[in-house]
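The lines below spell out each chain.
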Amino acid sequence: MNRIEFFFSLLMVVCIYSTIWGGKPERRAVMIFIVGLAMTLAAVSLSGNKYAHLEIGVFVADIWILLAFVVLALSAERYWTLWICAMQVIQVLSHIPKMIIPELLPQAYYITIAFWAYPMLIVLAIGTYRHQQRLRQFGADRSWSDFSPSPR
């Protein structure tokens, strides 16, 4: 199994798990991942030399994903959303070396911007598991903070 197959397998398993067993914040995170992936795939250069230059479309998609996760973190009553936001900030900042050093190897650029998707998915799976633990322990688990404009 190559890294692309592994990533899509992990994405599928975590998204199905979080959709079935997660609360509303976990399901919203699944939607952010899916829309963000679609935006990223649509934005990647179609030329044969992908990641040889700054992938502006991928950079914009990463910023959109960050903003979506920030809105989720500000609304949700979950700590894992803060971890995902932090990882997405690193993902966005990973584009800066290519801006500064255009000669950066395409493989190094790709690895730095692709790496953080894996731990983000793992954090979502752990967050979903913790949600299930709180449901078993307390019978309920608040989804949204008191300051959230999201419907309860």
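What comes next concerns the included structure.

Parameters and conventions
Residues numbered from 1 in each chain as written. Predicted model: local features only at pLDDT ≥ 70, side-chain atom pairs only at ≥ 80, totals over all residues. Heavy atoms only, no water. Helix = DSSP H or I, 4+ residues; strand = E, 2+ residues; numbered from the N terminus. Expected span 1.5 Å × (residues − 1). Buried < 20%, exposed > 50% of the residue type's maximum accessible area, 1.4 Å probe, protein only. Arc of directions from axis to C-beta. Contact = heavy atoms within 4.5 Å. Polar contact = N/O pair within 3.5 Å; in protein donor to acceptor, adjacent residues only side chain to side chain. Axes fitted to C-alpha atoms, helices over the stretch in contact; angles between N-to-C directions. Parallel < 35°, antiparallel > 145°, perpendicular 65-115°, else oblique. Left-handed = near helix turned anticlockwise from the far one by under 90°. Nonpolar A, V, L, I, M, F, W, Y, C, P; charged D, E, K, R; others polar. Phe/Tyr/Trp six-rings, centres within 6.5 Å; stacked < 30°, edge-to-face > 60°.

Now for helix α1 (residues 3-21). With 19 residues, α1 ought to run about 27 Å at 1.5 Å a step, and its terminal C-alpha atoms sit 26 Å apart, in line with that. Every buried residue belonging to α1 is among Phe7, Leu10, Leu11, Val14, Cys15 and Ser18, and all of these are buried. Down the axis, α1 shows its buried residues gathered within 125° of arc, on one side only. Exposed side of α1, more than 90 degrees from the buried face: Met12, Val13 and Ile20 are the residues found there. Against α2 (24-43) and α7 (117-138) lie the buried residues of α1. Put simply, asparagine 2 is the residue that caps the front of α1, since its side-chain oxygen is 3.0 Å from the backbone nitrogen of isoleucine 4.

This paragraph deals with the packing of α1 against α2. Packing of α1 against α2 leaves a shortest axis separation of 8 Å and a crossing angle of 150°. Looking at the two axes, α1 sits roughly antiparallel to α2. Classified by chirality, the crossing of α2 by α1 is left-handed. Taking contact as the criterion, the partners of Phe7, Phe8, Leu11, Cys15, Ser18, Thr19 and Ile20 in α1 are, on α2, Glu26, Arg27, Val30, Phe33, Ile34, Leu37 and Leu41. Split by residue class, the contact of α1 with α2 holds ten nonpolar, two polar and two charged.

The next thing to look at is the packing of aromatic side chains. Tallying each qualifying case throughout the model produces seven aromatic pairs. Centre to centre, the rings of phenylalanine 33 and phenylalanine 69 are 5.4 Å apart; their planes meet at 65°, and the pair counts as edge-to-face. Taken together, the positions of phenylalanine 33 in helix α2 and phenylalanine 69 in helix α3 (residues 56-75) put the pair 36 residues apart, joining distant regions of the chain. Residues tyrosine 51 and tyrosine 109 carry aromatic rings whose centres are separated by 5.8 Å and whose planes lie at 70° to one another, so their mutual orientation is edge-to-face. With tyrosine 51 in the loop between α2 and α3 and tyrosine 109 in helix α6 (residues 106-114), this pair connects stretches of sequence that are 58 residues apart. Assigned by exposure class, tyrosine 51 and tyrosine 109 land together as buried. What links up through ring pairs into an aromatic cluster is the set Phe6, Phe7, Phe8 and Tyr118.

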